[in-house]
Amino acid sequence: MAATLLAAPAAQAEPDPAPDPAPDTTGHTGVPQAHEFDSAIADAFAQSQGFPSLTGEADFGSDEHIVDAHREGEINTAEAVEYGLASLTDPESVPEELRPTGPIEDPERYLAYLSAQGAEVDPARNPLRQTITAPESSTAQYDDCASPLEYNFHDYECQAFVGDFVFLYDVKDDPSDERGLPADVNGNGRLSVVQDMMNAIAEAQAAYEELGFEVDPGDGPWGVVVGLNETQEGWFQGHPFALPFGINDQPMIIMPSDPGWHDSDNYDYVPRHEFFHIVQYQYWDTGEVGWVYLLNWLGGSAFKSMNWWMESTAEWATAQSYRLQDWDPANPAAAELYARNVDEFLGDPGRALNAAGELGASRQYGAFVLPTYLSERTDRAFVRRTWERIASNDEYPIAAITATLAGYGLDRDSTLLGFAVANYRLAAEQGGAPPNPMAGYGYDDPDRELWRDYLGDDGTDDHVLGLDRPARTVRAVPLGHDETYTAAIEPGGAAYFDFSAVEKSGDPADGYESTLTLDTGNHDELEYVALVWSPVGSPGSLAEYPTAARAVYPNANGVITVTDFASPMVVTLIAARTDLNHDSAEADEDGRDYSWRVRALIPLDKRSCDLSDLDVGNLEADAAPQQLFLDYADSTPNGWTGGDSTYSVRLPDGDLLWLFSDTFLGPLNDDGTRPTSAPLVNSTFVRQDGNSLSTIQGGTAADPAAIMPPSEANHWFWLGDGMISRQSGVDYLQVVYQEYYRYGTGAWDWAFKRNVVATFSLNDLSEPLRVDELPSQAGAWGSALLPASQSGDGYTYVYGLADAQTNKKQRIARVHGSNLNAVDKWQYWTPDGWTAYESDAGIGLNGIANEYSVTKWNGQYVLVSQDSTLAFDNEVYAYTSCSPAGPFTNQSLIFAMPETGPWGSYGDKDVFAYNPHIHQTLSSGNTFTLSYNVNHFDTTVGPDGAHYRDPSIYQPRFITFTLS
């Protein structure tokens, strides 16, 4: 019965919209030329390039007898090829002393090696290069199995001459046989799988011609040999390939009898793929690049440098062959096999662009996305133009690609970045008014979802965004996140980082936004972009992956900034390395570690105001309520007679609450001295109602105690500032306390342990309702508070310090609202923004005191503090800032506390003054009330002790002054 071949549409002429990057100076047209293959010249060229010589560095295990004999000149090249081929197909025919003793290692490469060796052997003595011509009878071509044909020591039962090809194959005598092709026939009497292969190659040939490739067998048909391996127990099973030299002195295709994977799909897919290798051989088989390639089938760097582009473009061309010709294969899944290894490429994006494994390794097959992308950015002639460059300029693929891009007017670096982004999105390019910031960041290819499917099957499943995409690093980035990430990237490779915002981590006053900064380091060989999007199915109006809301690029300092970073936003940093190396082996060993610092901060409030030097005037000492405290100390039977800290809080009922740390309780002696039995407690309150004072302490009148009792022996609490905290519609008093402990017997043998906040009911201020831990890593907090009602931005500012003998350093924190025990919402000032990590808290003003104050005044903020640049200095300064967080500048001297030192008002070198701070509760307009404390280094308990001899020392002083 007559055999039929499905007709293919005629090839169509294709316009060339872009000029060729460089003229072809060799006259090479793509049509096969004579193989003028001189082994001596090839050897010399190979060795000059540092590649293995024609007869060197082969390693084929049990067949070393033949290789060694050839190297040593015991047999000539023709004999080496003849015996080598026989060792694969008919080992018993090989002379015993040369016969292989076991399986041949890497037989596919060995056959390719013999093919290259045999290029200089007369076809009459080279079994691979036999001349096979079609019979003159036109009917014979449809009677495939009428007469066997011996080829390479094997009688093939059938031969089919179709178009530009001859197929050699056997038929299985029994379905269980490993040898031969399945005996199933189609309606024309030809084996179905043979017809499938014929149809596939005819379709591919028409498609490749339509793409502009020269496809011409010259003087004789190309050979397709199916089952060359049968006498060797199927060692070619599943490994088809194209030899550079074969039947009719042309490249030829080797097909296994049974593809062994993806069922019968290979009978359609594989011929298309392998036929494109024949097309490739036509473009570079006579150039030096081609020679070196052929000499390095053994796995050298030249092999890899060519093979990655061979395989990636063959997969690209295979896909095109299905699309350009109207043909439905027997199994439609065959048209998807070209993409089966995409996970090997996108699953390791940091490897070199042209990284390749050994013969048949999957990485180079998965690189089909590169010719796909480059063709979309230019036109479908791009791949052909690269092979023309290889043919005419003896270039390796990387150089050919670069030159071809230049011919289209495209910049290689930006193109590689676009390729990296397109691989991450695996979606259509986003549109937009020109210039479109997302141009080149996508694929038009209809098989994008297929590629995702292959990614999902092989371990690159979804994290954060949804959908499958290349390998990446995924990190949640809450407020305060500050970390350096490192990735190894080889030439042409890329790295991907997903940084996801954490819910309710940021600025609550602005929708929990923070600022994400990505410091790229400005590496010359890297191109960067950050894409902003949200996960698939997330709430809100932000664009969902793979549609990017926007692309953000580094500024002049190499920093990418996203100012509205908030959940569910994800920012993906994409870094593409754009320096390339044409040598695949060298490129694959040139991994460099790159680091990026990633921070999520709330930006500092850049408020503006009119700051100028302060003019301090109208200073008055002994101001109210100083005399009120003196009178109260003289008259109280058991209340306050002296103390330090001296903070004040205006209660909702109008009363003024004074907060003291160490407090002496009364009464005083009639002569004004203090009895040695006077109680000393570590914290008290004094309530002022008009001109009436009353003391609040813990314990009982007979046995008083601190309001904040110690947590254990040798521990105590000193208080910081306090404020009214409104929680769920109820007002409370909150006071910050610092816990200290004694570790020795010396006067100064004590140290800071932690901060806490005590919350009091306004109905009973004698003991706290609850005590909560506060952050304590950065030092003491509570030196001053600026309530949210005064800050102007809804935050309560908490001021503290990093303590030291001198040059104490300011710390600043804040919490939204007025509840200090919401510690998970505390933010800490850094020079770059607000962080959620206390360990990252920055240093503000130098020379701050343990206790100070920050007060809103005249559209700005006034900080008042004792100078700590010198120990026990008595000078008090004011500073101003447009923001509660500083920077505080315009240092202005308010006054010098007069009691201090031998020349002070007490004339006592052991008297010192400290803790000055403004009382907002008593200040109005430009007039301020300030208190400070006085103390004595003599802590002796006895009639001659300073605090018992003269109680006036340990009492607060008040002054008033004006600022202008």
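Definitions and limits used
Residues numbered from 1 in each chain as written. Predicted model: local features only at pLDDT ≥ 70, side-chain atom pairs only at ≥ 80, totals over all residues. Heavy atoms only, no water. Pairing = 2+ DSSP bridges. Helix = DSSP H or I, 4+ residues; strand = E, 2+ residues; numbered from the N terminus. Axes fitted to C-alpha atoms, helices over the stretch in contact; angles between N-to-C directions. Disulfide = S-S within 2.5 Å. Buried < 20%, exposed > 50% of the residue type's maximum accessible area, 1.4 Å probe, protein only. Parallel < 35°, antiparallel > 145°, perpendicular 65-115°, else oblique. Left-handed = near helix turned anticlockwise from the far one by under 90°. Contact = heavy atoms within 4.5 Å. Nonpolar A, V, L, I, M, F, W, Y, C, P; charged D, E, K, R; others polar. Expected span 1.5 Å × (residues − 1). Polar contact = N/O pair within 3.5 Å; in protein donor to acceptor, adjacent residues only side chain to side chain.

Caption draft 1: Local environment of the sheet that holds strand β8 (residues 473-477). In spatial order, the strands read β8-β10-β15-β12-β13; together these 5 strands make up an open sheet with mixed pairing. The sheet is open, and its two borders are formed by β8 and β13 (550-552), each paired with just one other strand. Across the sheet, the mean angle separating the axes of adjacent strands is 25° when strand polarity is ignored. Pairing between strand β12 (residues 526-533) and β13: 3 bridges, direction antiparallel.

Caption draft 2: How the structure looks around the state of the cysteines. With the rule as written, the count across this model stands at 2 disulfides. Linked covalently through their sulfurs, Cys145 and Cys158 form a disulfide whose S-S length is 1.8 Å. Judged by the torsion about the S-S bond (95°), the Cys145/Cys158 disulfide is right-handed. In this pair, Cys145 is assigned in the loop between α4 (107-117) and β1 (149-151) and Cys158 in strand β3 (residues 158-162), connecting sequence segments 13 residues apart. Residue Cys145 is classed as partly exposed on the basis of its relative accessible area of 40%. Overall, the relative accessible area of 0% leaves Cys158 in the buried class. Across a sulfur-sulfur distance of 1.9 Å, Cys609 and Cys882 are joined as a disulfide pair. Measuring handedness by torsion sign, the sulfur bridge of Cys609 and Cys882 sits at about -90° and is left-handed.

Caption draft 3: A look at the packing of helix α12 (residues 382-393) against helix α13 (residues 397-407). Where α12 contacts α13, the two axes come as close as 9 Å, and the packing angle between them is 120°. What the angle tells us is that α12 and α13 run oblique. Crossing of α12 against α13: the hand is right-handed. Of the residues in α13, those touching α12 at Phe382, Arg385, Thr386, Arg389 and Ile390 are Pro397, Ala400, Ile401, Ala403, Thr404 and Leu405. Class assignment of the residues belonging to the contact of α12 with α13 gives a composition of 7 nonpolar, 2 polar and 2 charged.

Caption draft 4: Broad picture of the packing of helix α11 (residues 369-377) against helix α14 (residues 412-425). Across the interface, α11 lies against α14 with an axial gap of 11 Å and an inter-helix angle of 115°. Both α11 and α14 take part in a crossing whose hand is right-handed. Contacts between α11 and α14 involve Val369, Leu370, Tyr373 and Leu374 on the former and, on the latter, Thr415, Gly418, Phe419, Ala422 and Asn423. Looking at side-chain class alone, the contact of α11 with α14 contains 6 nonpolar, 3 polar and no charged residues.

Caption draft 5: Local environment of helix α3 (residues 77-89). Between its first and last C-alpha atoms α3 spans 18 Å; for 13 residues at 1.5 Å apiece the expected length is 18 Å, and the two agree. All of the buried residues along α3 are Thr77, Ala78, Ala80, Val81, Tyr83, Gly84, Leu85, Ala86, Ser87, Leu88 and Thr89. N-capping of α3 is provided by Asn76, with a side-chain oxygen placed 3.2 Å from the backbone N of Ala78.

Caption draft 6: Expanded view of the sheet that holds strand β26 (residues 730-742). Taken together, 4 strands build an open sheet; the order of strands is β25-β26-β27-β28 and the sheet is antiparallel. The open sheet terminates on both sides in strands that have one partner only, identified here as β25 (715-727) and β28 (770-774). Taking each pair of neighbouring strands and ignoring which way they run, the sheet shows an average axis angle of 25°. Where β25 and β26 come together, 11 bridges link them in antiparallel fashion. Paired with Arg726 across the two strands is Asp731, which belongs to β26.

Caption draft 7: Structural context of unusual backbone geometry. In this structure, the amide linkage connecting Gly666 to the following residue, Pro667, adopts the cis form with an omega of 10°. The topology assignment puts Pro667 in the loop between β19 (656-665) and β20 (680-681). Put simply, Gly886 and Pro887 share a cis peptide bond, and its omega is 5°. Tracing the sequence through the fold places Pro887 in the loop between β36 (875-881) and β37 (889-896). The phi angle at Ser728 is positive, at roughly 55°, despite the residue not being glycine. Mapped onto the secondary structure, Ser728 falls in the loop between β25 and β26. Non-glycine residue Asn890 carries a positive phi angle of around 55°. Among the secondary structure elements, Asn890 is positioned in strand β37.

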